[in-house]
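# Tertiary structure, described
Listed here are the chains, written in short residue letters.
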Amino acid sequence: HRARSAAEIRADFPILARQVHGKPLVYLDSTASSQKPQSVIETMNTYYQSYNANVHRGVYEISEEATAAVERARVKIARFIHARHSKQVIFTRNTTESINLVAYSWGNANIHSGDLIVLTEMEHHSNLVPWQLLAQRTGARLEFVPVTEDGLLRQDIYDELLTYHPRLIAFTHMSNVLGTINPVQEMIARAHAVGATVLVDGAQSVPHLPVDVQALDADFYCFSGHKMLGPTGIGVLYGKRELLEAMPPFMGGGDMIRTVKLQASTWNDLPWKFEAGTPAIAEAIGLGAAVDYLNDLGMEWVIEHEHEITAYALERLQEIPGLTIYGPRALEQRGGVISFTLGDIHPHDLASILDQEVGVAIRAGHHCAQPLMERYDVAATARASFYVYTTTEDVDALVQGLQKAQQIFSF
Ligand SMILES: Cc1ncc(COP(=O)(O)O)c(CNc2co[nH]c2=O)c1O
């Protein structure tokens, strides 16, 4: 991996050169969606400019080039998460669709009335609502692992819930609100010891941490391209081969079939059984370029950089009187996501002032984690999040903006 300065990296992201309200853009919302390096943008443009064609069935050069490019991207992604085989990498639109695919295809066939599904209090709605719908369809029941005051899962209650032999357990690898990194490997081992199947929501971990799905022994692992320097419209479901082979298709259509008769059809092999219709070709190829970019930096560098920025941010934010931070204090238990409130200033007002006064873009709201907001008895939080292009100067601009907001509201 090449050691590169923040300035060098930032030069790769055209959008970071722009201004907002006459001030340099300070983008601190990578948890919602990351910015894109020029190499990803160019890779997608090159597809459209040079070999735009539909995939799999065209018997002409540019269609074969497009097909090969999509399958090369799949192999890159499989290697990036250390999947045993690229057939275990299913392209979806995003994390949400990946989780819904499992809830419908695996869930409908394996969850029955009275079965227990265990989730946690810190889940994003994408890893909560699909299981609510499944429970409503099947008569299964949901139980939840609570979150402590400092943003950690109650492992004692997790162990207690395991004694009820849940059929399915689903939890996030890293919280998009608290930044909490859960001890996924050991939680999966304990779940497997009682015969549970485990889905991990990796939307916030794959972009920011080294992930090895075989070492974790995850049954299903889900993530989105747009959070990891890639385009929107492409996500991944990783699954253990025996599970994916046994699952019925999620959507019916072209490509996912082998033979079609009027009354019935047979299915294509993995991964195409789960990829009905024309895929997001440019987006899959773009995600492959994003993986190249992250591999060039190295994920160990990525998480170390984010820990440096997070440590600096935690230190600077604690200088601000009246500011409350949510989530673990210990760096090794968190990633580069900091949710906070500032006195009784509504987070939406904070975000507006930061945008207008210092060009800082943060997220404000419930972050699609309304149960977690309820657990902390807040309507909303402000949230700053960091990535490969974030610098300590970005954090300084955030602190300056928060101090400005305090002046404005201290009238
Ligand atoms: C932990 C987690 N799971 C699932 C999702 C859904 O990902 P999608 O299917 O690509 O939308 C998100 C997106 N989180 C956020 C999206 O915008 N602000 C966020 O915090 C997430 O952070």
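On a predicted model such as this, the values are computed, not experimentally measured, just so you know.

## Concerning the site of the ligand
The environment of the ligand is formed by 17 residues, the closest being Thr96, Asp201, Ser224, Lys227 and Arg383. The contact in question runs from an oxygen atom of the ligand to an N or O atom on the side chain of Thr96, over 2.6 Å. Starting from 490 Å² of accessible surface for the ligand in isolation, the protein chains cover 89%. Structurally, the ligand is housed in the largest pocket. Within the shell around the ligand, the residues separate by chemical class into two nonpolar, eleven polar and four charged.

## Re a nonpolar patch on the surface
Judged by side-chain polarity, Tyr104, Val129 and Leu133 come together as a nonpolar surface patch covering roughly 210 Å² of accessible area. Mapped onto the fold, Leu133 is located in helix H5 (residues 129–138).

## Topic: the packing of aromatic side chains
If you walk through the whole model with that rule in mind, you get nine aromatic pairs. On the basis of an interplanar angle of 65° and a centroid distance of 4.9 Å, the ring pair of Phe13 and Tyr389 is categorised as edge-to-face. Of this pair, Phe13 sits in the loop between helix H1 (6–10) and strand E1 (19–20) while Tyr389 is found in the loop between strand E17 (381–385) and helix H14 (392–409), placing the two residues 376 residues apart along the sequence. Tyr389 shares its class with Phe13; the two are buried. Note on Tyr47 and Tyr51: the rings are 5.2 Å apart at their centroids and 85° apart in plane angle, and the pair reads as edge-to-face.

## Description of the sheet that holds E17
Strand pairing within a sheet occurs via backbone hydrogen bonds; the two strands may be parallel or antiparallel. Strands sit in the order E13-E14-E17-E16 across an open sheet of four strands; the sheet is antiparallel. Edge positions in the open sheet fall to strand E13 (323–326) and strand E16 (363–365), since each of these has one partner strand only. When the angles between neighbouring strand axes are averaged without regard to direction, this sheet yields 30°. Where strand E14 (residues 337–342) lies against E17, four bridges are found, and the strand directions are antiparallel. When the bridges of E17 are listed, Phe340 appears paired with Ala382. Together, E14, E16 and E17 form the strand contacts of helix H12 (residues 347–358), whose direction differs from that of E16 by roughly 160°.

## Looking at the layout of surface pockets
Taken as a whole, the largest pocket spans an internal volume of roughly 380 Å³. Lining of the largest pocket is provided by 26 residues; of these, Thr31, His124, Asn176, Lys227 and Cys368 occupy positions nearest its centre. Listed by contribution, the elements that provide at least two residues to the lining of the largest pocket are helix H4 (95–110) and E16. The element best represented in the lining of the largest pocket is E16, accounting for three residues. For the lining of the largest pocket, the per-class residue count stands at six nonpolar, 15 polar and five charged. By volume, the second largest pocket is sized at about 210 Å³. Taken together, 14 residues make up the lining of the second largest pocket; nearest its centre are Arg79, Phe80, His82, Asn295 and Met299. If you list the elements that add at least two residues to the lining of the second largest pocket, you get helix H3 (61–80), helix H10 (281–297) and helix H11 (299–317). The greatest single-element share of the lining of the second largest pocket, amounting to three residues, is contributed by H3. Grouping the amino acids of the lining of the second largest pocket by side-chain chemistry returns seven nonpolar, four polar and three charged.

Reading the values: rules and limits
- Residues numbered from 1 in each chain as written.
- Predicted model: local features only at pLDDT ≥ 70, side-chain atom pairs only at ≥ 80, totals over all residues.
- Heavy atoms only, no water.
- Near = heavy atom within 4 Å.
- Polar contact = N/O pair within 3.5 Å; in protein donor to acceptor, adjacent residues only side chain to side chain.
- Areas by Shrake-Rupley, 256 points an atom, 1.4 Å probe, with all protein chains shown as cover.
- 1 Å grid on protein atoms, 1.4 Å probe; cavity = no way out; pocket = protein on both sides within 12 Å on 5 of 7 lines; lining within 4 Å.
- Sits in = over half its atoms within 2 Å of the grid points.
- Nonpolar A, V, L, I, M, F, W, Y, C, P; charged D, E, K, R; others polar.
- Patch = residues over 30% accessible without salt bridge, like charges linked within 9 Å, V, L, I, M, F, W, Y side chains within 5 Å.
- Salt bridge = Lys/Arg side-chain N within 4 Å of Asp/Glu carboxyl O.
- Helix = DSSP H or I, 4+ residues; strand = E, 2+ residues; numbered from the N terminus.
- Phe/Tyr/Trp six-rings, centres within 6.5 Å; stacked < 30°, edge-to-face > 60°.
- Buried < 20%, exposed > 50% of the residue type's maximum accessible area, 1.4 Å probe, protein only.
- Pairing = 2+ DSSP bridges.
- Axes fitted to C-alpha atoms, helices over the stretch in contact; angles between N-to-C directions.
- Contact = heavy atoms within 4.5 Å.
- Points joined across faces, edges and corners; volume = space filled by probe spheres on them.

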